[in-house]
Amino acid sequence: MCQHFCFVESGILQHSIEVLDEEKTTYLALRNSVTSSLSSFLFGKPSRKSIKAIADSKLWIVDLKTFKDLIENNKAFHQFYYNVIEKQICLIDDYRIDLLTLTPEERYKKLLATEPKLLQEVPLHYLSSFLGISSRHMSRIRKNIL
């Protein structure tokens with residue numbers, strides 16, 4: 001059960017799932033982002049994913065009671081949360097379409113263009129998993145592009 005909603009002040013949090021005894025990265029929460037296993041946190045059901053720090057991290061966390069109080073009584077937090085959710089829905093939609101329509105090379109190039117800091121901050125095996133590319137194939141792609 002996810003007990004917290006958090007703001008990542010610094011560091012990197014990896015969301016992952018186990019598929020056939022292999023860890024697959026589903027999301028990377030970076031500095032100045034918010035994260036949670038949201039359906040677990042909001043609805044009190046077991047999470048289907050794990051979240052762990054893959055770099056030293058500083059987090060600001062709130063429990064469900066505090067979170068609900070902020071949503072109901074703090075207009076700035078309510079608007080902030082609404083904006084975050086709206087942005088995340090768009091990013092998830094783009095990510096899913098990219099997985100279905102772009103080649104692994106195109107996905108890597110898009111990541112280079114849109115999130116170059118990820119390549120400096122996140123270990124390669126997490127990025128390759130996030131992009132749906134084997135580590136071996138990712139190494140070949142990087143060699144061909146660089």
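Everything here concerns the structure above.
Residues numbered from 1 in each chain as written. Predicted model: local features only at pLDDT ≥ 70, side-chain atom pairs only at ≥ 80, totals over all residues. Heavy atoms only, no water.

A. Highlighting the environment of Leu 42. Positionally, Leu 42 belongs in helix H1 (residues 38-43). A C-alpha to C-alpha distance of 20 Å links Leu 42 and Cys 90, two positions 48 residues apart in sequence. Among residues more than four places away in sequence, those in contact with Leu 42 are Leu 64, Phe 67 and Tyr 81. (Helix = DSSP H or I, 4+ residues; strand = E, 2+ residues; numbered from the N terminus. Contact = heavy atoms within 4.5 Å.)

B. Fine view of the sheet that holds strand E2 (residues 13-19). Spatial ordering of the open sheet is given by E3-E2-E5, a layout of three strands whose pairing is antiparallel. Strands with a single pairing partner mark the edges of an open sheet, and in this sheet they are strand E3 (22-29) and strand E5 (50-53). Each adjacent strand pair in this sheet contributes to an overall mean axis angle of 35 degrees, direction not counted. Pairing of E2 with E5, which is carried by four bridges, proceeds in the antiparallel orientation. Counterpart to Ser 16 in the pairing with E5 is Ser 50. (Pairing = 2+ DSSP bridges. Axes fitted to C-alpha atoms, helices over the stretch in contact; angles between N-to-C directions.)

C. Representation of the layout of surface pockets in the model. The calculated volume of the largest pocket comes to roughly 1800 Å³. For the largest pocket, the lining is made up of 45 residues, of which Thr 26, Tyr 27, Gln 88, Leu 91 and Ile 92 are closest to its centre. Of all elements in the fold, only strand E1 (5-10), E2, E3, strand E4 (33-35), H1, helix H3 (75-101), helix H4 (104-114) and helix H5 (116-121) reach the threshold of two or more residues within the lining of the largest pocket. In terms of residue count, the dominant contributor to the lining of the largest pocket is H3 (14 residues). Residues of the lining of the largest pocket, tallied by class, amount to 22 nonpolar, eleven polar and twelve charged. Here the second largest pocket is characterised by a volume of approximately 240 Å³. If you go around the second largest pocket, you meet 16 residues; those closest to its centre are Glu 22, Glu 23, Lys 24, Ser 128 and Ser 129. Those elements that place two or more of their residues in the lining of the second largest pocket are E3, H3 and helix H6 (124-130). Here the lining of the second largest pocket is built from residues that sort into five nonpolar, eight polar and three charged. (1 Å grid on protein atoms, 1.4 Å probe; cavity = no way out; pocket = protein on both sides within 12 Å on 5 of 7 lines; lining within 4 Å. Points joined across faces, edges and corners; volume = space filled by probe spheres on them. Nonpolar A, V, L, I, M, F, W, Y, C, P; charged D, E, K, R; others polar.)

D. Inspection of the packing of aromatic side chains at higher detail. Under the counting rule described, the total for this entry stands at eight aromatic pairs. Between Phe 5 and Tyr 81, the ring centres sit 5.8 Å apart and the planes meet at 70 degrees, which makes this aromatic pair edge-to-face. Here the residue Phe 5 occupies a position in strand E1, and Tyr 81 occupies one in helix H3, the gap between them amounting to 76 residues. By the burial criterion, Phe 5 is buried, and Tyr 81 matches it. The interplanar angle of 85 degrees and the centroid separation of 5.1 Å between the aromatic rings of Phe 67 and Tyr 81 together place this pair among those described as edge-to-face. With Phe 67 in helix H2 (residues 64-73) and Tyr 81 in helix H3, the pair connects residues that are 14 residues apart, well separated along the chain. (Phe/Tyr/Trp six-rings, centres within 6.5 Å; stacked < 30°, edge-to-face > 60°. Buried < 20%, exposed > 50% of the residue type's maximum accessible area, 1.4 Å probe, protein only.)

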